[in-house]
Amino acid sequence: MCGIAGIIYQQPSLNAIADIRKITELVAYRGPDGYGFWNKGNVYFGHRRLSIIDLTEAGAQPMEYNGYVITYNGEVYNYLELKASLEKLGYAFKTQCDTEVILAAYQCWGPGCLNRFNGMWSFAIYDPYKNLVFCSRDRFGVKPFYYLQQQDKLVFGSEIKQLLPFVQNVKANEQALIHYLAFSITDNADESFFAGIKNLPGSHYLTYDLLSFKIEIKRYYSISVDSQVQHMNYADALSEFKNHFNRSVALRMRSDTEVGGCLSGGLDSSLVALTVARNHKNETPFNAFTAASIDPLQNDAPFAKLVADSLQLNWHLTTPAASNVSHDFTAVCTIMEEPVVTPSVFMQHYVMQKANECGLKVLLDGQGADESLLGYSRYIGALARQLKGVDKWRFLWQAKQQYGLDKSQLAVSFFYFSNWQLRKKYALLKLKGINRRYLNQVDNDYFRQLSEAYKDPLELQKMEITSSQLPALLRYEDRNSMYFSIETRLPFLDWQLLEFNLSLPANFKIKNGWSKYPIRESLNGQLPDEITWRRNKIGFNAPDNIWVNAAKALQPGIKNSALLNQLFDNPLAVYNGKNGMLWKLANIACWEKTFNVTI
């Protein structure tokens, strides 16, 4: 896991070496174990290394193999299997790391190598034989890749801050701002919050022709569903789920450094901890890290302790206070680089900080389970639409018991999200006093597509995985972990496991009102019933109602924000006692000031 950088000039530049060194060092925390630079002609690569596999200098980057050169961030977990296949085809290797395998795989299979990888990655490969640079991002966009194309050069990196030195006037992406304020969307396909700075979407690769200086972007992967899984009986499906999950965790335990885990006390992280504790015995207990909330109604720590005690884990607890948030607000906003929707990023931030203090460099986490196994209450409406008569109302009643939804929430879940016009009208009502010209920035097609997806649970899941939900969570995960030089690995985002989970019939995933039923069945008898059959869902939730007083201290920044005052007649009037809106406004004001953004 590392930080990557690259600059490709159209003409020789006297500042080239200084430029690549500068933007590489801006993300030194992503790779404190080493650094390297390479160039040929007008192509310059930089790299910061976090040593996880093959800790020797042989694994240093940028790495060359048969003329190909790579700067790479991530892990291809099935590299040993790929290496064996390539050796049978005559390829030889000098290192024990996955980086060299990627280069050999690209030489052998070209862009088709991407479909053979199981892992998370963003990389750029210099291909001297085709005179191009080949860049790719993993299927679900776990690892970031940003780029900026200008008249005389292409710049790319792991983070946006690496590209900003080349932007003379930093402008806001107006559409991204409006989507964020009205609809809480933070990650916008190939766009960022910064005008002109692009985000290579997951499941895509980019080629940059070194003769024509043209970019071409292609999708190499789309989620597919196996119809045969739909016809499995429940016992066989559960067994297959367990096999897939155990395989996924085993792959993600491949490391030459110790592997720990995030433990919220919820179902997902508990299954990860159980699988490691049962199947991967180490000399020392598995290290698990939890953030406790000072709000007892939002605190999952007692559940995490039950898991830790039951599995005899080495448990580490951190309890962030409101004063931490006030003190670190600007720092975390800077780390995130773009506005975020939830203060829960602070809880995750302090978990990573604690793991760093304890010397861990690799953590397992549970991202992706809710999206693939119907873990969110908003899926209820989409599922209910496929039922009729008594079956529909029985399902809604069971969902009410499971999720604690009241009548109005069920009505909203059931009817509201399928109506684009109502959704748009409701969301825009929250933006009272906004300059009307900015409302033209709303992408109607995107939100119509999102609203239509609420009619079909599978389409909704796919959209949340690829655009409307998971990309934001993965950005938070990447920025928080890498700031503390930690690689997080996500077993539920193994592509084969994810496709299997999506292929399962809905009544296998929500059974008798119980959500994520395969996980519960996997935990049953292995952990206390208080974990396996708990109804509430908390996770690393922040104590919003307590922390809001800390957020109120940010009101002067909102009031004095030139950007917000251009958007609204009176920014604080938009807040109107709504904590969620206060958080958004404070994020924008901080983002504007930190990165000197104008509109």
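Residues numbered from 1 in each chain as written. Predicted model: local features only at pLDDT ≥ 70, side-chain atom pairs only at ≥ 80, totals over all residues. Heavy atoms only, no water.

Draft legend 1. The pattern of salt bridges, seen in detail. Throughout the structure, instances matching the rule amount to 25 salt bridges. In this structure, Asp 268 engages Lys 516 in a salt bridge whose closest nitrogen and oxygen atoms are separated by 2.9 Å. Taken together, the residues span a long stretch of sequence, with Asp 268 in helix α6 (residues 267-279) and Lys 516 in the loop between α19 (506-509) and α20 (517-523) at a distance of 248 residues. We classify Lys 516 as buried; its relative accessible area is 5%. (Salt bridge = Lys/Arg side-chain N within 4 Å of Asp/Glu carboxyl O. Helix = DSSP H or I, 4+ residues; strand = E, 2+ residues; numbered from the N terminus. Buried < 20%, exposed > 50% of the residue type's maximum accessible area, 1.4 Å probe, protein only.)

Draft legend 2. View of the pairing of strand β8 (residues 146-149). In this sheet, strand β9 (residues 153-157) lies alongside β8 in antiparallel orientation, the contact comprising four bridges. Within the sheet, the bridge partner assigned to Leu 148 lies in β9 and is Val 155. Joining the antiparallel neighbours β8 and β9 is a turn of three residues. (Pairing = 2+ DSSP bridges.)

Draft legend 3. Inspection of the packing of aromatic side chains at higher detail. Evaluated as defined, the whole model comprises 33 aromatic pairs. Judged by centre distance (5.4 Å) and plane angle (85°), the ring pair of Phe 117 and Trp 121 falls under edge-to-face. Each member of the pair, Phe 117 together with Trp 121, is buried. Put simply, the rings of Tyr 68, Tyr 72, Tyr 106, Phe 123, Tyr 129, Phe 134 and Tyr 205 pair up and form one aromatic cluster. Above the face of the Tyr 234 ring, Lys 511 is positioned so that its terminal group lies 4.8 Å from the ring centre. (Phe/Tyr/Trp six-rings, centres within 6.5 Å; stacked < 30°, edge-to-face > 60°. Lys NZ or Arg CZ within 6 Å of the ring centre and 35° of its normal.)

Draft legend 4. Fine view of the sheet that holds strand β4 (residues 63-65). The strand order β4-β5-β6-β7-β11-β12 describes an open sheet built from six strands, whose pairing is antiparallel. The open sheet has two edge strands, β4 and β12 (215-219), and neither has a second partner. Pairs of neighbouring strands in the sheet enclose a mean axial angle of 20°, with direction left out of account. Judged from the five bridges that link them, strand β7 (residues 132-137) and strand β11 (residues 204-209) form a sheet pairing that is antiparallel. (Axes fitted to C-alpha atoms, helices over the stretch in contact; angles between N-to-C directions.)

Draft legend 5. Molecular detail of the packing of helix α2 (residues 79-88) against helix α3 (residues 98-109). Where α2 meets α3, the closest approach of the two axes is 10 Å, and the angle between their N-to-C directions is 45°. Taken together, the axes of α2 and α3 are oblique relative to one another. You can see that α2 and α3 cross each other, and the crossing is left-handed. Where α2 approaches α3, its residues Tyr 79, Leu 82, Lys 83 and Leu 86 are matched on the opposing element by Asp 98, Val 101, Ala 104, Ala 105, Cys 108 and Trp 109. (Parallel < 35°, antiparallel > 145°, perpendicular 65-115°, else oblique. Left-handed = near helix turned anticlockwise from the far one by under 90°. Contact = heavy atoms within 4.5 Å.)

Draft legend 6. Structural view of helix α17 (residues 470-483). The end-to-end C-alpha distance of α17, which contains 14 residues, comes to 20 Å, matching closely the 20 Å that a straight helix rising 1.5 Å per residue would cover. Where burial is concerned, most of α17 is hidden: 13 out of the 14 residues are buried. Just beyond α17, the residue with positive phi is Ser 485, at close to 55°. (Expected span 1.5 Å × (residues − 1).)

Draft legend 7. Quick peek at the packing of helix α9 (residues 344-357) against α17. Interaxial distance between α9 and α17 falls to 8 Å at its minimum, and their mutual angle equals 30°. By the angle between their directions, the pair α9 and α17 is classed as roughly parallel. In the packing of α9 onto α17, the handedness of the crossing is right-handed. Along the contact surface, α9 presents Val 345, Gln 348, His 349 and Met 352, while α17 presents Tyr 476, Glu 477, Asn 480, Ser 481 and Tyr 483. For the contact of α9 with α17, a count of residues per class yields four nonpolar, four polar and one charged. (Nonpolar A, V, L, I, M, F, W, Y, C, P; charged D, E, K, R; others polar.)

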